[in-house]
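Working through the structure, step by step
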Amino acid sequence: MSGTFRFLTAGESHGEALTAVIEGVPAGLPLAEADINEDLARRQRGYGRGGRMKIERDQAHISSGLRWGVTLGSPIALTIQNRDWENWKTTMAVGEPPAGTPPKAVTRPRPGHADLAGAMKYGHRDIRNVLERSSARETTARVAVAGVAKRLLAEFGISILSHVTEIGGLRISALALPWEEIRSRAEGSEVRCADPAAERAMIEAIDDARAKGDTLGGVFEVVALGCPVGLGSYVHWDRKLDGRLAQAFCSIHAIKGAELGMGFEAARHPGSQVHDEILFDRDAGFTRRTNSAGGLEGGVTNGQPVIVRAVMKPIATLRRPLRSVDMETKDAVEAVVERSDVCAVPAAGVVGEAMMAITLAQAFLEKFGGDSLEEIRRNYRGYQDSLKTW
Ligand code: EPS
């Protein structure tokens, strides 16, 4: 929420709509709802999703901060309707409780979900009051916000891609491919995986988990191309960009860890095999032989692609539920079964792109910020020119 590009989201999973307000978008940025809607559609796809995605057709409606397709510098408000709301109007009414017998309270918490801790924290006797907001449906609003961040970054040649590297313990082989090839393969894959052999195995594993009433997690990788040197800082813990990215990724639902560049693998090699040797070329300037650092040294971007991988745990709603305890009766029971996905790792990759875009847009505006796109462009150009004579 902090930083130069700030946003808040609101909305329950089966409420009327998701809403976001974004503050800090410069004036003069061309922006259309279509810039946002493409990523909303990408987030809805992916083999392993459940029935809900057949109902929703997520589309952002922008209601402020734009005039004639260009940002004004004022807050941008956007809304995404929940089509499923039609089926939940009574259960999720914001006004008076429904007449007659109310919908039964949810009292059987799911292990791995926010259900029990959330209910105890907020004093809710009906877990529905927790699960509606803790649902990953909220990521729809984040992806919409990131559509604006991505639009801004694109003005400066920064683009973001993602691909799935592991589902249910099945990993891709090493891919010695250009990033653009990985991007286009992932976009053409039902599990957003660039390795066709692994893709087939992942799809089988998802089918198998579905048949068993189980769920699967995995790992996705997000890569930002075209970042200038110097986003983030080494001078304070809360300005280090690697720390900020880790926080942003771990804030995504069901994410249990994030690694940067070589990540945990760096622990298994000596320094001589980990650090990226520095080269100089008259035309290209400073370059690196490798990118184990994932584009970040000392919490600062170094001009290489910024690479983050995140691990998503298997979804907590199991069709063959785990044991739990009824919050009211304290009886041993099976956890509640809500309609859900078998595997949402492909979708989580798109959400990862969103958190990368938002975090980079914040860092970008801290370094080059101005009230208008033109002002930012001047700041950016001046800095880039200064580096040429470095
Ligand atoms: C979710 C449960 C499912 C998922 C949902 C996340 O929703 P429902 O209970 O309506 O079937 O589909 O994800 C989304 C709605 C979405 O847009 O990603 C949960 O409990 O977290």
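Let us look at the structure shown here. (Residues numbered from 1 in each chain as written. Predicted model: local features only at pLDDT ≥ 70, side-chain atom pairs only at ≥ 80, totals over all residues. Heavy atoms only, no water.)

Attention now goes to a nonpolar patch on the surface. Together, I278, F280, F286 and W390 give the surface a local cluster of nonpolar side chains, amounting to about 540 Å² of exposed area. By relative accessible area, which is 57% here, I278 ends up exposed. (Patch = residues over 30% accessible without salt bridge, like charges linked within 9 Å, V, L, I, M, F, W, Y side chains within 5 Å. Areas by Shrake-Rupley, 256 points an atom, 1.4 Å probe, with all protein chains shown as cover. Salt bridge = Lys/Arg side-chain N within 4 Å of Asp/Glu carboxyl O. Buried < 20%, exposed > 50% of the residue type's maximum accessible area, 1.4 Å probe, protein only.)

What follows deals with the side chain of T359. Structurally, T359 can be placed in helix α9 (residues 345-368). A relative accessible area of 4% places T359 in the buried class. Engagement of the side chain of T359 in a polar contact is seen with the backbone oxygen of M355, the distance being 2.6 Å. (Helix = DSSP H or I, 4+ residues; strand = E, 2+ residues; numbered from the N terminus. Polar contact = N/O pair within 3.5 Å; in protein donor to acceptor, adjacent residues only side chain to side chain.)

Attention now moves to the site of the ligand. In the vicinity of the ligand, 13 residues are found, and the nearest of them are H14, R43, R52, R137 and R339. Between the ligand and R137, the relevant distance is 2.8 Å, taken from an oxygen atom to a side-chain nitrogen or oxygen of the residue. Contacts to the ligand include R339, whose side-chain N or O atom sits 2.6 Å from an oxygen atom. Considering the ligand on its own, with 470 Å² of exposed area, one finds that the protein chains cover 93% of that surface. Residues belonging to the shell around the ligand are distributed by class as follows: two nonpolar, five polar and six charged. (Near = heavy atom within 4 Å. Nonpolar A, V, L, I, M, F, W, Y, C, P; charged D, E, K, R; others polar.)

It is worth spelling out the state of the cysteines at this point. All told, the structure shown has zero disulfides when counted by the stated rule. Free of any disulfide, C193 has its nearest cysteine sulfur in C343, 11 Å distant. For the unlinked cysteine C250, the closest cysteine sulfur is that of C343, found at 18 Å. Overall, the relative accessible area of 37% leaves C250 in the partly exposed class. (Disulfide = S-S within 2.5 Å.)

Moving on to the packing of helix α1 (residues 33-44) against α9. α9 packs onto α1 with a crossing angle of 145° between their chain directions and a minimal axis gap of 7 Å. Between α1, through D39, R42 and R43, and α9, the contact on the second element is made entirely by A347, V350, V351 and E353. A breakdown of the residues in the contact of α1 with α9 according to their chemical character gives three nonpolar, no polar and four charged. (Axes fitted to C-alpha atoms, helices over the stretch in contact; angles between N-to-C directions. Contact = heavy atoms within 4.5 Å.)

Moving on: the pairing of strand β1 (residues 6-10). Across the two faces of β1 the burial differs, with F7 and T9 buried and R6, L8 and A10 not buried at all. Here β1 runs beside strand β2 (residues 17-23); their pairing, made up of five bridges, is antiparallel. Bridging across to β2, A10 finds its partner in T19. Where β1 folds back on β2, the antiparallel hairpin that results is connected by six residues, among which G11 adopts a positive phi of roughly 135°. (Pairing = 2+ DSSP bridges.)

Next up on the list: the nonpolar core. The biggest cluster of nonpolar side chains holds 77 residues, and the ones touching the most others in it are F5 and M356. If one sorts the elements of this core by residue count, α9 sits on top with 14 residues. In this structure M356 touches I160, V222, V223, A224, L245, F249, V306 and V308, once residues within four positions along its chain are discounted. Formed by seven residues, the second largest nonpolar core is a distinct cluster that contains V106, I127, M327 and V336. (Core = buried A, V, L, I, M, F, W, Y, C linked by side-chain atoms within 4.5 Å.)

The antiparallel open sheet is built from five strands, whose spatial order is β8-β7-β9-β15-β10. Single-partner strands in this sheet number two, and they are β8 (170-171) and β10 (255-260). For strand β7 (residues 159-167) and β8, the ladder comprises two bridges, and the chain directions are antiparallel. The residue of β8 that forms the bridge with E166 is R171. Sheet strands in contact with helix α8 (residues 241-250) are β9 (218-225), β10 and β15 (306-312), and its direction is about 155° off that of β10.

All told, the structure shown has 37 salt bridges when counted by the stated rule. Taking the shortest distance from any N to any O, the salt bridge between R137 and E56 comes out at 3.6 Å. Residue R137 is found in the loop between α4 (128-134) and α5 (139-154), and its partner E56 is found in the loop between α2 (52-55) and β3 (60-64); the two are separated by 81 residues along the sequence. Accessibility classification places R137 together with E56 in one group, the buried group. For E221, the salt bridge identified is with R309, shortest N-O distance 2.7 Å. With E221 in strand β9 and R309 in strand β15, the pair connects residues that are 88 residues apart, well separated along the chain. Looking at E221, the relative accessible area reads 9%, which means it is buried. The exposure class of R309 is buried, given its relative accessible area of 16%. Several salt bridges share partner residues, and in doing so they unite R43, R52, E56, D58, D84, R137 and R339 into one network.

Counted according to the given criterion, the structure contains one cavity of 30 Å³ or more. In this structure, the largest cavity encloses a volume near 40 Å³. R110, P111, A316, L318, P321, L322, A335 and V336 together form the lining of the largest cavity. For the lining of the largest cavity, the residue count by class is seven nonpolar, no polar and one charged. (1 Å grid on protein atoms, 1.4 Å probe; cavity = no way out; pocket = protein on both sides within 12 Å on 5 of 7 lines; lining within 4 Å. Points joined across faces, edges and corners; volume = space filled by probe spheres on them.)

Let's shift gears to the environment of E334. Inspection of the secondary structure puts E334 in strand β17 (residues 332-334). On the basis of relative accessibility, which here comes to 48%, the residue E334 falls in the partly exposed class. Separated by 222 residues in sequence, E334 and G112 place their C-alpha atoms 14 Å apart. Setting aside chain neighbours within four positions, we find E334 in contact with R108, P321, L322 and S324.

Don't take any of this as a statement about function, it's just geometry.
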